[in-house]
Amino acid sequence: MKKKYIVIIALLTLISLPAMAQGATTAAAIPAPTVNPGDTAWMIVATALVMLMTIPGLALFYGGLVRRKNVLNVLMQCFMITAIVSIEWVACGYSLAFGSSSGSLAPYIGGFHWAFLHGIHIGDLSPYFISHSQPTGKMVDGVPQLIGTIPHLVFMLFQMMFAVITPALIVGAFAERIKFKGFVIFSLLWALVVYNPVAHWVWSADGWLYKLGALDFAGGTVVHINAGIAALVMALMLGKRRDYQRHAIPPHNIPFVAIGAALLWFGWFGFNAGSGLAADGLAGSAFLATHIATAAAAFTWAMLDWIIGKKPTIVGIATGAVAGLVAITPASGFVDVTGALIIGVVVSLVCFVMVAYVKPKLGYDDTLDAFGVHGIGGIIGALFTGLLATPAIQAAYSGAFYGNPHQFLIQLLAVSSTIVYSGVVTFILFNIVDKLVGLRATDKEEAIGMDEAMHGETAYTTFD
Amino acid sequence: MKKIEAIIRKSKFEDVKEALYEAGIEWFSYWDITGLGKSTEEQVVRGQIFQSNYIQRHMLSIVVRDQNLEKTVNAIMNAARTGEMGDGKIFVSDVEATYRIRTGETGPEALYNKENEEK
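**Q** Looking at this structure, how should I read the overall build of chain A?
**A** Each helix and strand counted, chain A has 15 helices and 2 strands in total. Here chain A has a C-alpha radius of gyration of 24 Å; the compact-globule value for 464 residues is 23 Å, and the two agree. Principal-axis analysis of the C-alpha atoms places the extent of chain A at approximately 80 × 60 × 50 Å. Looking at chain A as a whole, 52% of its 464 residues are labelled buried. Sequence separation of at least 24 residues holds for 77% of the intrachain contacts in chain A that already meet a minimum separation of 6.

**Q** What exactly am I supposed to notice about the overall build of chain B here?
**A** Looking only at helices and strands, chain B features 3 helices and 4 strands. Reading chain B from its N end, one meets helices and strands in the order β-α-β-β-α-β-α. Here the C-alpha atoms of chain B give a radius of gyration of 18 Å, more than 25% beyond the 14 Å that 2.2 N^0.38 yields for 119 residues. When the backbone C-alpha atoms are referred to their principal axes, chain B occupies close to 60 × 25 × 20 Å. Buried positions account for 16% of the 119 residues belonging to chain B. A fraction of 71% describes how many contacts in chain B between residues 6 or more apart in sequence connect residues 24 or more apart.

**Q** Whenever I open this one, the interface of chain B and chain A confuses me. Can you help?
**A** A common way to express how large an interface is: the accessible area buried when the components associate. Chain B puts 9 residues into the contact, and the matching count from chain A is 16 residues. For the side of chain B that touches chain A, the elements supplying multiple residues, two or more each, are strand E2 (29-45) and strand E3 (48-64) of chain B. By residue number, the principal contributor to the side of chain B that touches chain A is E3(B), which donates 4 residues. Class assignment of the residues belonging to the side of chain B that touches chain A gives a composition of 4 nonpolar, 4 polar and 1 charged.

**Q** I keep staring at unusual backbone geometry and nothing clicks. Help me out?
**A** Excluding glycine, a negative phi dihedral is what most residues carry, and trans is how most peptide bonds are arranged. Residue and element names in this part refer to chain A. Cis geometry marks the peptide bond from Ile-55 to Pro-56, where omega comes out at 5°. Mapped onto the elements, Pro-56 comes out in helix H2 (residues 37-65). For Phe-116, which is not glycine, the phi torsion reads 50° and is therefore positive. Judged by local crowding, Phe-116 falls into the exposed class, with 12 C-beta atoms found within 10 Å. At Asp-141, a residue that is not glycine, the phi angle is positive and equals roughly 55°.

**Q** Got a minute to help me understand the pairing of strand E1 (residues 2-8) of chain B in this structure?
**A** Looking along a regular strand, one sees the side chains alternate between the two faces of the sheet. Residue and element names in this part refer to chain B. Where E1 meets E3, 7 bridges bridge the pair, whose relative direction is antiparallel. Looking at E3, one finds that Ile-4 is bridged to Ile-62. Relative to strand E4 (residues 88-94), E1 runs antiparallel, the two sharing 7 bridges. Residue pairing for E4: Lys-2 is matched across the bridge by Asp-94.

**Q** Teacher, can you tell me more about the packing of helix H11 (residues 337-362) of chain A against helix H12 (residues 370-388) of chain A here?
**A** Pairs of packed helices are described in terms of their axes, by the angle between the two and the distance that separates them. All names here are of chain A. Direction vectors running N to C along H11 and H12 enclose 145°, while the axes themselves pass 9 Å from each other. Relative to H12, the crossing made by H11 is right-handed. Taken together, the residues of H12 that come into contact with H11 (itself represented by Gly-339, Ile-342, Ile-343, Val-346, Val-347, Val-350, Cys-351, Met-354, Val-355 and Lys-359) are Gly-372, Val-373, Ile-376, Gly-377, Ile-380, Gly-381, Phe-384 and Leu-388. Tallied by class, the residues present in the contact of H11 with H12 amount to 13 nonpolar, 4 polar and 1 charged.

**Q** Before we go on, may I ask you to explain H2(A) in this structure?
**A** Note: α-helices contain 3.6 residues per turn, so residues at a spacing of three or four share the same orientation. With 29 residues, H2(A) extends 41 Å between its outermost C-alpha atoms, agreeing within 8% with the 42 Å of an ideal straight helix rising 1.5 Å per residue. At A:Gly57, H2(A) shows its strongest bend, of approximately 35°.

**Q** Honestly, the sheet that holds E2(B) in this entry has me stumped. Any pointers?
**A** Two strands in a sheet stick together by hydrogen bonds in their backbones, pointing the same way (parallel) or opposite ways (antiparallel). Residues and elements named next belong to chain B. Reading across the sheet, the 4 strands line up as E2-E3-E1-E4 and stay open at both edges, with antiparallel pairing between neighbours. The sheet is open, and its two edges are formed by E2 and E4, each paired on a single side. Sheet twist, expressed as the mean angle between neighbouring strand axes with direction ignored, is 15°.

**Q** What exactly am I supposed to notice about the pairing of strand E2 (residues 143-147) of chain A here?
**A** Residues and elements named next belong to chain A. Here strand E1 (residues 134-140) runs beside E2; their pairing, made up of 4 bridges, is antiparallel. Counted as the bridge partner of Met-139 is Pro-144 from E2. Between the end of E1 and the start of E2, which pair antiparallel, lie 2 residues, with Asp-141 showing a positive phi angle near 55°.

**Q** Got a minute to help me understand the environment of A:Ile122 in this structure?
**A** Relative to the helices and strands, A:Ile122 resides in the loop between helix H3 (71-98) and E1. The class of A:Ile122 is exposed, set by 7 C-beta atoms lying within 10 Å.

**Q** Explain the environment of A:Val35 here, please?
**A** All names here are of chain A. Examined against the element boundaries, Val-35 turns out to sit in the loop between helix H1 (2-27) and H2. Taking the C-alpha atoms as reference, Val-35 lies 5.2 Å from Thr-149; in sequence the two are 114 residues apart. Leave out the neighbours within four places in its chain, and Val-35 touches Thr-40, Leu-125, Thr-149, Ile-150 and Pro-151.

**Q** Please explain the nonpolar core as it appears in this structure.
**A** Nonpolar side chains tend toward joint burial in soluble globular proteins. Formed by 149 residues in total, the largest nonpolar core has its most connected members in A:Val50, A:Tyr62, A:Ile165, A:Ala231, A:Met234, A:Leu264 and A:Ile343. Tallying contributions element by element places helix H4 (residues 152-174) of chain A first for this core, with 17 residues. Residue contacts for A:Tyr62: discarding those within four places in its chain leaves A:Val74, A:Val171, A:Gly172, A:Ala175 and A:Leu368. If you look at the next biggest cluster of nonpolar residues, it comprises 12 residues, including B:Ile4, B:Val16, B:Leu60 and B:Val64.

**Q** What's the story with helix H7 (residues 220-238) of chain A in this structure? I'm lost.
**A** All names here are of chain A. With 19 residues, H7 extends 25 Å between its outermost C-alpha atoms, agreeing within 8% with the 27 Å of an ideal straight helix rising 1.5 Å per residue. The element H7 is largely enclosed, with a buried count of 17 among its 19 residues. Taken from the residues just after H7, Gly-239 is the one with a positive phi, measuring 85°.

**Q** Can you help me understand the packing of H7(A) against helix H13 (residues 405-436) of chain A in this one?
**A** Residue and element names in this part refer to chain A. Orientation of H7 relative to H13, taken along the N-to-C sense of each, is 40°, at an axis distance of 8 Å. Relative to H13, the element H7 lies oblique. Considering how the two elements wind past one another, H7 and H13 form a crossing that is right-handed. Of the residues in H13, those touching H7 at Thr-221, Ile-225, Asn-226, Ile-229, Ala-230, Val-233, Met-234 and Met-237 are Ala-414, Val-415, Thr-418, Ile-419, Ser-422, Gly-423, Thr-426, Phe-427 and Phe-430. Taken together, the residues of the contact of H7 with H13 sort by class into 11 nonpolar, 6 polar and no charged.

Calculation notes
Residues numbered from 1 in each chain as written. Chains lettered and ligands numbered in written order. Predicted model: local features only at pLDDT ≥ 70, side-chain atom pairs only at ≥ 80, totals over all residues. Helix = DSSP H or I, 4+ residues; strand = E, 2+ residues; numbered from the N terminus. Rg over C-alpha atoms; globule rule 2.2 N^0.38 Å. Buried ≥ 20, exposed ≤ 12 C-beta atoms within 10 Å, placed from the backbone. Contact = placed C-beta atoms within 7 Å. Nonpolar A, V, L, I, M, F, W, Y, C, P; charged D, E, K, R; others polar. Pairing = 2+ DSSP bridges. Axes fitted to C-alpha atoms, helices over the stretch in contact; angles between N-to-C directions. Left-handed = near helix turned anticlockwise from the far one by under 90°. Expected span 1.5 Å × (residues − 1). Bend = angle between axes of the 7 residues up to and from the residue. Core = buried A, V, L, I, M, F, W, Y, C linked by C-beta atoms within 7 Å. Parallel < 35°, antiparallel > 145°, perpendicular 65-115°, else oblique.

In structure tokens form, the structure reads like this:
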């Protein structure tokens, strides 16, 4: 009986289809823009994946690398940044980064019109889109206006997670020796006056680097170079840890490092494959490029360890994987598998030299190599995007190896302007916060460990 | 009554445990110890080589009746030996008094189970 009914319903539907289609075409030439459920579902998942990168991914990665007396401090820093930057983002960060302002400031910073998400409604579609868009039905300057396919709120949330992880990356440079109060104020100010403008330059429709055509698919300049340079400045300004280069400071929990790196690798699929803001072929391609570059970088680092250090290490392969993830970030939506392989191998070679030879030689104490991996890896990635971007992925974009050498110069400009801005403003912020509340932990605090000194907690208690 | 304290390689712990069982020593305490010595161990972290002279070993602590001293020491010595530097050390000292908490027995009687011994 049931089957019969289904057949009848199917037949009725078939008969009525042409009539329905006719009705639609006569009713309106352009349908009203709607939310695309597929894109939206993927972007909500991608947002959660990017959140996973900071806590627990980065928190465990960094937490395992420090000494046992400092692990809670690092976890706490990651949690605290997640909390305060999320609030900062809805308060004004999103508006400053992705909003628009008038006059001569427009290319450099957004305004406050979206402060506290004022004017962003639940039904609004994202004004930002990459590969999926739809006409709104309005004309702007004689061309049909386009709009994205996901809710504006989802776009805002996705970007929030990027704003969260960026200052969290800097933690790697000053771990084991910073006062917690100073850290909180510094991180908040940094998110406000360094992250927001740079995100605006590169990703906002009004941004000056965006208009120049700088390519940064998922945050090589905005996230990694930005944080990496700030990390170098912080490491130099704070000075070395008391024990640095006096005796060995090996990681206290290498399984944490491995779990953290694996969670970063996993979450990064949201970071990169989500940056196309759609569930489509570009997302798949970015996923592929991300995975292959990371595999190549992890393998390369392990080989370097094996040849130079005699044995392949877990800390080594985990570091290589993170370096690969960093470098492919700006390129993931522009390069093919060959490009991804090249980026993966090159970034591990360069970062290995940086952390194994250059850092000890120069003597600065970048505790967990935030500069050596994120700064240098980000620069490699941004520059190689200018070389390896292929029109086979996104037809509109090609790099120097595909007949567009100009792109490399634009990338160079984007990289150097980010380095200068992040470096200078981080330097100023350090001095302000240091004068205000102090940043460097005392010798005594450092000796007993940040966990006990800053939080009154110990990670590995002796109680049953 | 004698107390035997032995520092042995962690890798030899299972062998020593077996040898002690065979010698009739059924209970003892042990713990992880870290010491400093001349031999160094190399650890490579992100391409940087750290030389560390921290040495990880197990320490065993056994209290025996005088009559069992020699066979216990021999059991440890034979089982823990590899012939290479760093095999460890054995220390023997006198024990003044022993009490078994459950029964209140004192002296050598507190160190063994009479019924088991008679079998």
